[in-house]
Amino acid sequence: MTDKTQLKEDIAFVRAAAERLETRSVPAIYLLWALLGGVGFALVDFVDDYSWIGTYWLFAGPIGFVLSVWLGMRASRSAGVRDRQTGVRHSLHWLSFMTAGLLGLALVSAGQLTWAGFGSLWVLLLGLTYFHGGLYIERRMMPIGILTAAAYLVTVWVPGFGWTTAGVVLAIALVTGAVLGAPKRETAS
């Protein structure tokens, strides 16, 4: 084998490895948030005391975040990837969403936004965060962001079971993202 042939094979190997890294996804994270989001959104339509919603997200948000980080680290390790910088970037992406949402409390406390509007603001921020994640984290987040933006409009304009409908839309989008992002099983050739 010539050096030129060996070099071509080496470059092809590195390229294939890099392409596999770019397409890695953690479907369990999508499924986790489909469950947490579906339940949390439906609470708005089914509880009389709205403080339950705040209590739910006070626990579900941080616990879901920690579980997501753990699932991501576990998936990276099992794939043989040790890229702490990417993990930190993903964590900061989602922490910025949570921080922006919490800063929305200033609008409520100043009387510039109602509690119902505050809930819808979170959904709008979530849609934007997923869309931006689709631009630079993984492409399958982009349609989730678009559907979440549609869910935001449902929370604003649909009376009755609008929040449950929005939760179902979000859950379907996330489950679809999980299914489409699931690692493909290699078959013996």
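Predicted, not measured: the structure shown is a model, and the values here were computed from it.

## Overview of the overall build of the protein
Secondary structure assignment for the protein yields eight helices and zero strands. Going from N to C terminus, the protein has its helices and strands arranged as α-α-α-α-α-α-α-α. Sorting the 189 residues of the protein into buried and exposed places 34% on the buried side. Intrachain contacts of the protein at a sequence separation of at least 6 include 66% that bridge at least 24 residues.

## Re the pattern of salt bridges
All told, the structure shown has one salt bridge when counted by the stated rule. Of the charged contacts in the structure, one is a salt bridge between arginine 140 and glutamate 138, with a shortest N-O distance of 3.3 Å.

## Comments concerning the nonpolar core
Trp94, Tyr130 and Leu174 are the most contacted members of the largest nonpolar core, which has 26 residues in total. Looking at this core, the elements that each hand over two or more residues are α2 (27-46), α3 (51-78), α4 (84-103), α6 (115-136), α7 (141-157) and α8 (162-181). Broken down by element, this core gets its largest block of residues, seven residues, from α8. Once you skip the residues sitting within four places of it in the chain, tryptophan 94 turns out to touch Phe65, Leu126, Thr129, Tyr130 and Met141.

## Quick notes on the side chain of serine 25
With respect to the secondary-structure elements, serine 25 resides in the loop between α1 (3-22) and α2. Accessibility expressed as a relative area gives 13% for serine 25, which makes it buried. Among the polar contacts listed, one links the side chain of serine 25 to the side chain of arginine 140, at a separation of 3.5 Å. The residues touching serine 25, leaving out its near neighbours within four places in the chain, are Tyr30, Glu138, Arg140 and Gly181.

## Quick notes on the packing of aromatic side chains
Per the stated rule, a full pass over the model turns up eight aromatic pairs. Look at phenylalanine 118 and tryptophan 122: their rings are 6.1 Å apart centre to centre, the planes differ by 85°, and that puts the pair in the edge-to-face class. Of this pair, phenylalanine 118 and tryptophan 122 both sit in helix α6, four residues apart, which is roughly one turn of that helix. The class for phenylalanine 118 is buried, based on a relative accessible area of 10%. One aromatic cluster is present, built from ring pairs that chain together Trp94, Phe97, Trp115, Phe118, Trp122 and Tyr130.

## Points about a nonpolar patch on the surface
Residues Leu58, Phe59, Ile63, Leu67 and Trp70 make up a contiguous nonpolar surface patch of about 540 Å² in total accessible area. Tracing the backbone shows phenylalanine 59 in helix α3.

## Let's talk about the packing of α6 against α7
For any two helices packed against each other, the geometry is given by the interaxial angle and the distance between the axes. Interhelical geometry of α6 versus α7 gives an angle of 165° and a closest axis separation of 7 Å. Our classification of the angle between α6 and α7 gives roughly antiparallel. Here α6 and α7 pass one another in a crossing that is left-handed. Each of Ser120, Val123, Leu124, Leu126, Gly127, Tyr130, Phe131, Gly133, Gly134 and Leu135 in α6 lies in contact with α7, whose residues at this interface are Met141, Met142, Ile144, Gly145, Ile146, Thr148, Ala149, Ala151, Tyr152, Thr155 and Val156. Its residues assigned to classes, the contact of α6 with α7 shows 14 nonpolar, seven polar and no charged.

So, how was this worked out
Residues numbered from 1 in each chain as written. Predicted model: local features only at pLDDT ≥ 70, side-chain atom pairs only at ≥ 80, totals over all residues. Heavy atoms only, no water. Helix = DSSP H or I, 4+ residues; strand = E, 2+ residues; numbered from the N terminus. Buried < 20%, exposed > 50% of the residue type's maximum accessible area, 1.4 Å probe, protein only. Contact = heavy atoms within 4.5 Å. Salt bridge = Lys/Arg side-chain N within 4 Å of Asp/Glu carboxyl O. Core = buried A, V, L, I, M, F, W, Y, C linked by side-chain atoms within 4.5 Å. Polar contact = N/O pair within 3.5 Å; in protein donor to acceptor, adjacent residues only side chain to side chain. Phe/Tyr/Trp six-rings, centres within 6.5 Å; stacked < 30°, edge-to-face > 60°. Patch = residues over 30% accessible without salt bridge, like charges linked within 9 Å, V, L, I, M, F, W, Y side chains within 5 Å. Areas by Shrake-Rupley, 256 points an atom, 1.4 Å probe, with all protein chains shown as cover. Axes fitted to C-alpha atoms, helices over the stretch in contact; angles between N-to-C directions. Parallel < 35°, antiparallel > 145°, perpendicular 65-115°, else oblique. Left-handed = near helix turned anticlockwise from the far one by under 90°. Nonpolar A, V, L, I, M, F, W, Y, C, P; charged D, E, K, R; others polar.

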